[in-house]
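# Per-entry structural report
Each chain is listed here by its residues.
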Amino acid sequence: MLAGVTGVAGQTRAADTLDAIQQRGELRWGADAEGGAPYVYPDPDKPERMVGFECELADALAAKLGVKARLVQNQWDQLVPALQRGNFDFILNGLELTPENRQRIGMSRPYFVYAQQIVTRREAVSFARLDDLKGKPVGVLASSVAQRITEKAGGLDLRIYPGNVESLRDLKARRLDAVVLDLPIALHYAKPDPTLTLSGPPFAPGFYGIGVRPEDKALLAALDKAIEELVQDRTVERICRKYGVWDATQDRLREYRPDAVAASQRISTLREWPKYLPLLLRGAITTVELSVLAMALAVVTGLVLVLMRVLGFGPLRWLARGYVEVIRGTPLLIQLFLIYYGLPEVGIRLNAFAAAVLGLGLNYAASEAENYRAGIESIPRGQMEASLALGLSRWQALRHVVLPQALRLVIPPVTNDFIAMFKDSSIVSVITMVELTKVYGMLAMSTYDYIGLGLMTAAIYFALSYPASLFAHWLERRLRHDRR
Amino acid sequence: MIVVESLVKSYNQTRVLHGVDHAQSRGETVVLIGPSGCGKSTFLRCLNQLEVADAGRITIGGITVEGGRPPGTKEERELQRRLRMCAGMVFQSFNLFPHLTVVQNIALAPAQVKGVSPRDSEALARELLAKVGLEDKAAAYPGQLSGGQQQRVAIARALAMKPEVMLFDEPTSALDPELRDEVLRVLRRLTEEGMTMIVVTHEMQFARDMADRVVFFDSGRVAEAGPPEQIFEHPQLERTREFLSKVAKR
Ligand SMILES: Nc1ncnc2c1ncn2[C@@H]1O[C@H](COP(=O)(O)OP(=O)(O)OP(=O)(O)O)[C@@H](O)[C@H]1O
Ligand SMILES: [Mg+2]
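Just so you know, these numbers come straight off a predicted model, no measurement behind them. (Residues numbered from 1 in each chain as written. Chains lettered and ligands numbered in written order. Predicted model: local features only at pLDDT ≥ 70, side-chain atom pairs only at ≥ 80, totals over all residues. Heavy atoms only, no water.)

### Let's talk about the overall build of chain B
Helix and strand counts for chain B stand at 9 helices and 10 strands. A compact globule built from 250 residues would reach a C-alpha radius of gyration of about 18 Å, and chain B, at 18 Å, matches this within 12%. The proportion of buried residues among the 250 residues of chain B is 55%. Sequence-distant contacts, at least 24 apart, represent 64% of the contacts inside chain B between residues at least 6 apart. (Helix = DSSP H or I, 4+ residues; strand = E, 2+ residues; numbered from the N terminus. Rg over C-alpha atoms; globule rule 2.2 N^0.38 Å. Buried < 20%, exposed > 50% of the residue type's maximum accessible area, 1.4 Å probe, protein only. Contact = heavy atoms within 4.5 Å.)

Below, the structure is given as structure tokens:
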């Protein structure tokens, strides 16, 4: 069943991926090198080269199989779906040997023992245990063990991040009181930082294993055998020591006995909608709040911009024009990053919601200003001239004659922007906002029901944007009394 | 009432007005005629400051504005506005505000510029509508009116600012012949009431009947001027004669 589904999405594959690997003489392993030290990361001295203990482990495994290893970059929290699509042969990137993972995909025997670590600012009170963090803002990596453990512990003000570098940066920026993350990452990033400290002992140990597609039984067996050999001949130990992530607990690797794996069961979120729909709707509320506030900001700022351009003189006009061009010529993603991570460096610290509203609003303001300008320019010159000839000032002429007529013309493009904003707002998940699309992603990650959840999510988006479109039609018709 | 001295205006490099002089006393109706492109519209637009003249001086109702550059200071802008309020303008294409009713079109400027109360400005609007014979169209939108009706509303709108002078730029040219008379009737009435007017038109009958003086414009200059009998019956210049015979054939 699963094989059929994944076979459609991915490229055509041989009966077992192991054969395919040997045929092409290359194994493709999926990992995320963004903020991936010490697992996989660009060599600081030679950024085009990837290093990290998993990188070297992949090379060692490839050598055992008699092939070369090639890294396929993939966002970390999307590694499992990408594996199932057939983007690469297996996942080798801090994938935990959890019961959930074992149900969804094939998991190899472990190659590393990890533990969780609390990191805080050095000058802050130390939090030795999760219980000490109740009610405090705590950052975790999306879909990580840390997220699962902290969610289970409950009572924390959890913030979900796409990468550990971002969460540690927010810890330093005082948006967070602590970050819970895998010990190796803590050792690599937080330990050398004089402003941060590892708080309390490591806890909740577990194993990392390699993830393969469930049907790739032969590949799994080959990988198990290779890992076992690499552990026994101390290759794994040598690699780990090189990256400073070897400790006494790693001895548990040798005593590992695979437990019986529970039979896989599929969840239909559509059948269990009373459980999942409210979660999605809660995300939708955030999406609506965000879009409405950001659009309000955009509509007003856009008006200010266009008035600066139409009524203003030299520098003001130039400023408004420059703003529009710069905003339209740079990606929204970068603008959001600059507002959320860049502004704290100059002492302006916004929470994620405010940063998201500001980022989306200021971005769309440029587009609204252009909409208004197009509207104003399509009003015949005679309207402005007749107003001036009557003794109205330019501002009065705009306010009473030109803008009211332009308003009707700009309703359709502004509504289109508003509807686009609903959908674009999902991008703010990169600055830890959990809105509708993010909720969808998180639920899909844990249930693997992309289709059922996808249908529900799409239905919610549609239910939100269609009334907006109807309202715009109605408004446009209401304002059209001057038809000739 | 109106004194224009050596008015010069160029667009880009082309000179359109070559030092126009013009003087007109209160209550006088002047009809401006001349071939297409000779600068009649430009002259009117300079008079009420829709265009800023390059050189020369314009005095209307005691307010003097010098040409040269757009108003820079607040005082200069205020002066420009006062001059505009002295000179009502009626355009060939009406330029009514399509999103406002007829009454709102007329009441807007008095309310906004002079601060007349809503009640008074509406009363004024209805009074002026009655004067142009459209009291029953008060609540209509411009799009619901015929061209002739729209132009009469435009005249009422200009009159609402109680200007000293009315400037008409081909007020009937955009209208079907059968609609022109209703507009010309309004103009006649204004002339009879003693309004000071400059009318650019090709309606020679109107010029003969109502003009105190006809000015023939050619290539951005006043070529010939005089009472209608003189211009129409005994034109001094060959160009004037040519122009009149062309217009007569149409
Ligand atoms: N905004 C402008 N920019 C450049 N040239 C212009 C502009 N307005 C008018 N002109 C030119 O100035 C000259 C005078 O134009 P104007 O409209 O004053 O003539 P007119 O006597 O009113 O003609 P008509 O009888 O056709 O209305 C014309 O040659 C015209 O092409
Ligand atoms: Mg003209």
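### A closer look at the domain arrangement of chain A
All names here are of chain A. According to the domain assignment, chain A contains domain 1 (2-96 + 209-255), domain 2 (113-207) and domain 3 (273-479). Listed as interface residues are 4 residues of domain 1 and, on the opposing side, 4 residues of domain 3. Counting each side, the surface lost to burial between domain 1 and domain 3 is near 360 Å², with a carbon and sulfur contribution of 58%. A per-residue breakdown of the area domain 1 buries against domain 3 is headed by D77, V80 and P81, which together make up 73% of the total. (Domains from an automatic or database assignment. Buried area = accessible area lost by both parts, 1.4 Å probe.)

### Considering the interface of chain A and chain B
By a widespread convention, an interface's size corresponds to the accessible area lost as its parts come together. Each partner contributes residues to the interface: chain A has 21 residues there, and chain B has 24 residues. The junction of chain A with chain B conceals about 2100 Å² of combined surface from both sides, 59% of it contributed by carbon and sulfur atoms. At the junction of chain A with chain B, the criterion picks out 9 residue pairs in polar contact (both at pLDDT 80 or more). Of all the secondary structure elements, the ones that give two or more residues to the side of chain A that touches chain B are helix 15 (381-389) and helix 16 (394-424) of chain A. Of all the elements, helix 15 of chain A adds the most residues to the side of chain A that touches chain B, at 8 residues. Among the residues forming the side of chain A that touches chain B, the class breakdown is 7 nonpolar, 9 polar and 5 charged. (Polar contact = N/O pair within 3.5 Å; in protein donor to acceptor, adjacent residues only side chain to side chain. Nonpolar A, V, L, I, M, F, W, Y, C, P; charged D, E, K, R; others polar.)

### A word on the state of the cysteines
Enumeration according to the criterion identifies 0 disulfides over all chains in this entry. Not part of a disulfide, A:C240 finds its nearest cysteine sulfur in A:C55, a span of 13 Å. (Disulfide = S-S within 2.5 Å.)

### Comments concerning the packing of helix 13 (residues 332-342) of chain A against helix 14 (residues 352-377) of chain A
Residue and element names in this part refer to chain A. Across the interface, helix 13 lies against helix 14 with an axial gap of 9 Å and an inter-helix angle of 140°. Here helix 13 is positioned oblique relative to helix 14, judged by the angle of their axes. The interaxial crossing formed by helix 13 with helix 14 has right-handed handedness. Residues L332, Q335, L336, I339 and Y340 of helix 13 touch helix 14, and the partners they reach there are A352, A355, A356, L358, G359, L360 and N363. The residue makeup of the contact of helix 13 with helix 14, split by class, is 9 nonpolar, 3 polar and no charged. (Axes fitted to C-alpha atoms, helices over the stretch in contact; angles between N-to-C directions. Parallel < 35°, antiparallel > 145°, perpendicular 65-115°, else oblique. Left-handed = near helix turned anticlockwise from the far one by under 90°.)

### Some details on unusual backbone geometry
Note on backbone geometry: most residues besides glycine have negative phi, and most peptide bonds are trans. A positive phi is found at A:R234, a non-glycine position, where the angle reads about 65°. Tracing the backbone through its elements, the reader meets A:R234 in the loop between helix 9 (217-232) and helix 10 (235-242). Even without being glycine, B:E170 reaches a positive phi, approximately 45°. For B:E170, the position within the fold is in the loop between strand 7 (165-169) and helix 6 (177-192). What makes B:E170 buried here is its relative accessible area of 13%.

### Considering the sheet that holds strand 4 (residues 55-60) of chain B
Residues and elements named next belong to chain B. Strand order across the open sheet formed by 4 strands is 2-1-4-5, with antiparallel pairing between neighbours. In this open sheet, the two edge strands, each paired with only one partner strand, are strand 2 (14-24) and strand 5 (63-66). Across the sheet, the mean angle separating the axes of adjacent strands is 20° when strand polarity is ignored. Where strand 1 (residues 2-11) and strand 2 come together, 8 bridges link them in antiparallel fashion. Paired with I2 across the two strands is Q24, which belongs to strand 2. Sheet strands touched by helix 1 (residues 40-47): strand 1, strand 2 and strand 4. Its angle to strand 1, the strand with the most contacts, is close to 120°. Contacts from helix 2 (residues 74-86) reach strand 4 and strand 5 within the one sheet, and its direction differs from that of strand 5 by about 120°. (Pairing = 2+ DSSP bridges.)

### A look at the packing of aromatic side chains
Residues and elements named next belong to chain A. On inspection of all chains with the given rule, the structure shows 13 aromatic pairs over all chains. Consider the rings of F418 and F422, whose centres lie 5.1 Å apart with planes at 45°: the pair is tilted. In this pair, F418 and F422 are both assigned in helix 16, 4 residues apart and thus about one turn of the helix distant. Just as F418 is buried, F422 falls in that class too. In textbook terms, an aromatic cluster arises when at least three aromatic residues are bridged by ring pairs, as seen for Y39, F53, Y111, F112, Y114 and Y208. For the cation-ring pair, R169 lies above Y341, with the distance from its terminal atom to the ring centre recorded as 5.0 Å. Against the face of Y340 rests R175, its NZ or CZ located 3.6 Å from the ring centre. (Phe/Tyr/Trp six-rings, centres within 6.5 Å; stacked < 30°, edge-to-face > 60°. Lys NZ or Arg CZ within 6 Å of the ring centre and 35° of its normal.)

### Digging into the confidence of the model for chain B
Of all residues in chain B, 100% attain a pLDDT of 70 or more, and the chain-wide mean is 93. This complex was scored by the predictor with a pTM of 0.72 and an ipTM of 0.95. (pLDDT = per-residue confidence, 0-100.)

### As for the site of ligand 1
Residues and elements named next belong to chain B. Taken together, the residues surrounding ligand 1 are Y11, V16, S36, G37, C38, G39, K40, S41, T42 and E170. K40 has a polar side-chain atom sitting 2.9 Å from an oxygen atom of ligand 1. Take T42: an N or O atom from its side chain is 2.5 Å from an oxygen atom of ligand 1. In terms of residue count, the dominant contributor to the shell around ligand 1 is helix 1 (3 residues). (Near = heavy atom within 4 Å.)

### A look at the packing of helix 3 (residues 102-114) of chain B against helix 4 (residues 118-131) of chain B
Residues and elements named next belong to chain B. Packing of helix 3 against helix 4 brings their axes to within 8 Å, and their N-to-C directions diverge by 125°. When the axes of helix 3 and helix 4 are compared, the pair comes out oblique. As for how helix 3 packs across helix 4, the hand of that crossing is right-handed. Between helix 3 and helix 4, the contacting residues are V102, V103, I106, A107, P110 and A111 on the first element and S121, E122, L124, A125, R126, L128 and L129 on the second. Tallied by class, residues from the contact of helix 3 with helix 4 come to 10 nonpolar, 1 polar and 2 charged.

### Observations concerning helix 9 (residues 238-249) of chain B
Side chains of residues three or four places apart in an α-helix project in the same direction, reflecting 3.6 residues per turn. Residue and element names in this part refer to chain B. Taking 1.5 Å of rise per residue, 12 residues should cover 16 Å, and helix 9 covers 17 Å from first to last C-alpha, within 8% of that figure. Here helix 9 has its buried residues at T240, F243, L244 and V247. Down the axis of helix 9, the buried set is contained in an arc of 95°. They therefore lie on one face. Turned more than 90 degrees away from the buried face of helix 9, the exposed residues are K246 and K249. Here the buried face of helix 9 lies against strand 3 (29-33), helix 7 (204-210), strand 9 (213-218), strand 10 (221-226) and helix 8 (228-233). (Expected span 1.5 Å × (residues − 1). Arc of directions from axis to C-beta.)

### A few points about the pattern of salt bridges
Residues and elements named next belong to chain A. Taken as a whole and assessed by the stated rule, the structure comprises 40 salt bridges over all chains. Residue R24 is joined to D89 by a salt bridge in which the shortest nitrogen-to-oxygen separation is 3.0 Å. Placement of R24 in helix 2 (residues 17-24) and of D89 in the loop between helix 4 (79-85) and strand 5 (90-96) is noted, with a sequence separation of 65 residues between them. Its relative accessible area of 31% is what places R24 among the partly exposed residues. A salt bridge links E370 to R309; its shortest N-O distance comes to 3.4 Å. Here E370, found in helix 14, pairs with R309, found in helix 11 (residues 273-311); they are 61 residues apart in sequence, far enough to count as distant. Look at E370 and you get buried, because its relative accessible area is 15%. The network of salt bridges with shared partners includes R121, E123, R174 and D177. (Salt bridge = Lys/Arg side-chain N within 4 Å of Asp/Glu carboxyl O.)

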